[in-house]
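These are the residues of each chain, in order.
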Amino acid sequence: MKLTIHRGTNQIGGCVTEIESGGYRIFIDFGEQLPGMENKELKPIDGLTYGDVSKSALFITHYHGDHIGKICDTIADIPIYVGKTALEIFNCLESRLSHIPNPNESEKHKRIVNRIKTINTFEQLQKIRIGKITVTPLFIDHSAFDAYMFIVEADNKRILHTGDFRGHGFRSKGLIPTLKSYAKNIDYIISEGSNIQRPNATIKTEQELQKDFELQFRKNKYNFVLVSTTNIDRIFALYHASKNAKRCFVCDNYQTKILKIVSQNHKQYTPFYDIDYDQTTNPIGRFFDLKRQRQNPFSFKGNLKPFLEKRGFCMLVRSTDAFKPLIDEYAKSDETKIFYSMWDGYLDNKKPAFNESLYKFFEPYKIEYKHTSGHADVETLKMVFEIIKPKYGIIPIHTEAPNKFKEIFHDQAIISLHDGDVFNCN
Ligand SMILES: [Zn+2]
Ligand SMILES: [Zn+2]
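Cut-off values and rules
- Residues numbered from 1 in each chain as written.
- Chains lettered and ligands numbered in written order.
- Predicted model: local features only at pLDDT ≥ 70, side-chain atom pairs only at ≥ 80, totals over all residues.
- Heavy atoms only, no water.
- Phe/Tyr/Trp six-rings, centres within 6.5 Å; stacked < 30°, edge-to-face > 60°.
- Lys NZ or Arg CZ within 6 Å of the ring centre and 35° of its normal.
- Donors = N, O, S within 2.8 Å, 3.2 Å for Na, K, Ca; no water.
- Tetrahedral: all angles 85-135°; square planar, octahedral: opposite > 155°, others 65-115°.
- Helix = DSSP H or I, 4+ residues; strand = E, 2+ residues; numbered from the N terminus.
- Buried < 20%, exposed > 50% of the residue type's maximum accessible area, 1.4 Å probe, protein only.
- Lys, Arg positive; Asp, Glu negative; His and termini not counted.
- Salt bridge = Lys/Arg side-chain N within 4 Å of Asp/Glu carboxyl O.
- Polar contact = N/O pair within 3.5 Å; in protein donor to acceptor, adjacent residues only side chain to side chain.
- Contact = heavy atoms within 4.5 Å.
- Pairing = 2+ DSSP bridges.

> In this structure, what is going on with the packing of aromatic side chains? I would like to understand it.
Two aromatic rings, taken as a pair, are described by how far apart their centres are and by the angle between their planes. Considering all chains together, one arrives at 31 aromatic pairs under this definition. Through a chain of ring-to-ring contacts, three or more aromatic side chains come together here, namely Phe59, Tyr81, Phe122, Phe139, Tyr148 and Phe150. The ring of Phe361 has Lys324 lying over it, and the distance from NZ or CZ to the ring centre is 5.6 Å.

Encoded structure:
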């Protein structure tokens with residue numbers, strides 16, 4: 001069995017992993033680099049972007065652009081596998097982006113929407129065989145919903161690829177039991193290390209963050225929250241926080257569509273994803289989706305405005321012209337709070353991922369930062385490595401500081417690879 005990290009041994013995002021056995025190859029993730037990163041263009045990859053793909057397959061851990069964004073750069077015949085709900089959410093996101101006014105951008109997203117139609121889906125623990133290679137997806141918690149680790153088996157070797165994961169989300173309590181049950185006799189771990197040098201990124205759990213929001217919503221009448229539209233568990237937490245605080249929950253119809261996908265597929269397992277979308281039967285924590293005519297900004301229609309003003313609300317917003325007039329109107333009130341619930345690196349002009357238009361959008365307002373990371377902290381990584389005890393070692397990816405692995409996890413064998421190195425797993 002041979003293993004190649006084509007990209008991602010020393011950067012966060014854009015990772016591509018290849019595992020080859022007896023002429024069969026599986027690839028894990030094929031995404032874009034994060035914005036602002038030094039451009040490390042990928043060389044053409046045999047069995048993925050050129051050549052014979054009859055013995056290849058691409059597995060996607062989750063729908064973040066740094067893991068799935070380049071699916072249109074593969075040879076069309078290669079089978080792609082993604083989690084079922086993840087694919088529905090991704091399709092919804094890409095369909096919206098395919099209608100944005102910028103023609104270059106919308107073309108790109110139209111191609112992705114077309115490619116999505118050919119993608120296969122899997123359920124957790126479903127074994128998928130590609131020739132001599134078997135891939136088993138393990139469901140884990142991340143800031144993307146329906147995200148997976150993969151166990152890859154061939155030639156009597158077992159590799160665990162962690163994808164992006166964490167130990168402080170709503171669904172993280174399953175992490176250790178899942179690994180103990182299914183990730184036995186692992187030879188190598190290919191592990192993400194996004195937070196290896198960000199000790200403050202996970203100070204709060206998602207549960208603590210929800211409590212924080214609830215307190216804020218009780219105190220402040222008009223609450224605006226900027227949050228990624230696909231950070232599903234955060235959004236359901238915001239819904240429950242506003243419901244407990246007896247505020248209305250407001251978002252647009254695109255966001256509603258995404259939430260409905262999750263409710264439909266998952267409310268039978270937990271009431272956390274159960275929302276009563278019917279405004280007539282859900283008097284507390286009413287759920288409203290904003291409507292708009294063509295490109296006009298969002299506005300409250302009819303009696304909605306006095307109703308919402310009486311009850312107070314939590315409104316999910318994006319940094320677009322459609323939301324700006326609403327935020328402008330309420331920003332003047334001292335009963336208003338605007339929360340920024342995403343990674344703060346986008347607003348930091350010293351960071352490569354600095355997003356100028358986002359920064360400019362929020363410049364006129366006083367905003368409060370409320371967020372926790374989607375990635376595992378050092379303690380969680382340590383616990384995972386100690387439980388799995390890989391026989392031969394750990395290969396760091398999705399990290400800016402692979403060398404830190406040796407320093408921090410000194411009782412584990414750390415195998416440092418460079419992009420493109422072919423590593424023999426025998
Ligand atoms: Zn990632
Ligand atoms: Zn991710």
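After that view, the rundown keeps rolling.
> Just to check I follow, could you spell out the coordination of the zinc ion (ligand 1) for this structure?
Octahedral metals with six donors have ideal donor angles of 90 or 180 degrees. Tetrahedral metals with four donors have an ideal donor angle of 109.5 degrees. The protein atoms donating to the zinc ion (ligand 1) are Asp66 (OD), His67 (NE2), Asp164 (OD) and His398 (NE2), with metal-donor distances spanning 2.1 to 2.2 Å. Classification of the site at the zinc ion (ligand 1) as irregular follows from its four donor atoms and the range of 83 to 166 degrees in their angles at the metal. Read in sequence order, the donor residues coordinating the zinc ion (ligand 1) give the pattern D-H-x96-D-x233-H. Here the zinc ion (ligand 2) and the zinc ion (ligand 1) are spaced 3.4 Å from one another, each receiving a donor from Asp164. One end of the pair, His67, is in helix H1 (residues 65–68); the other, His398, is in the loop between strand E18 (393–397) and helix H12 (402–408), and 331 residues separate them in sequence. For His67, a relative accessible area of 2% translates into the label buried.

> Hey, could you run me through the side chain of Glu192 in this one?
Mapped onto the elements of the fold, Glu192 is located in strand E11 (residues 188–192). Arg198 provides the closest opposite charge to the buried, salt-bridge-free Glu192, at an N-O distance of 7.8 Å. Within polar-contact distance, the side chain of Glu192 engages the side chain of Ser194 at 2.5 Å. Apart from residues no more than four positions distant in its own chain, Glu192 is found in contact with Thr162, Gly163, Asp164, Phe165, His375, Ala376, Leu381, Ile397, His398 and Phe405.

> What's the story with the pairing of strand E12 (residues 222–226) in this structure? I'm lost.
Looking along a regular strand, one sees the side chains alternate between the two faces of the sheet. Most of E12 sits out of view: five of its five residues are buried. Burial along E12 is two-sided: Tyr222, Phe224 and Leu226 and Asn223 and Val225, pointing in opposite directions, are all buried. Pairing of E12 with strand E15 (residues 313–317) involves five bridges; the strand directions are parallel. Bridge pairing in E15 links Phe224 to Met315. Pairing of E12 with strand E16 (residues 336–340), which is carried by five bridges, proceeds in the parallel orientation. Across the sheet, Phe224 pairs through a bridge with Ile338, a residue of E16.

> Help me understand the environment of Lys351, please; the structure alone is not making it clear to me.
Among the secondary structure elements, Lys351 is positioned in the loop between E16 and helix H10 (356–362). Taking relative accessible area as the criterion, Lys351 reaches 35% and is therefore assigned partly exposed. Sequence separation between Lys351 and Gly36 is 315 residues, and the spatial gap between their C-alpha atoms is 8.4 Å. When neighbours within four sequence positions are excluded, Lys351 is seen to be in contact with Trp343 and Gly345.

> Honestly, the coordination of the zinc ion (ligand 2) in this entry has me stumped. Any pointers?
Protein-derived ligands of the zinc ion (ligand 2) are His62 (NE2), His64 (ND1), His142 (NE2) and Asp164 (OD), with the metal-ligand distances lying across 2.2 to 2.4 Å. For the zinc ion (ligand 2), the four donor atoms are set out with angles of 88 to 168 degrees between them, so the coordination reads as irregular. In terms of primary sequence, the donors binding the zinc ion (ligand 2) are separated according to H-x1-H-x77-H-x21-D.

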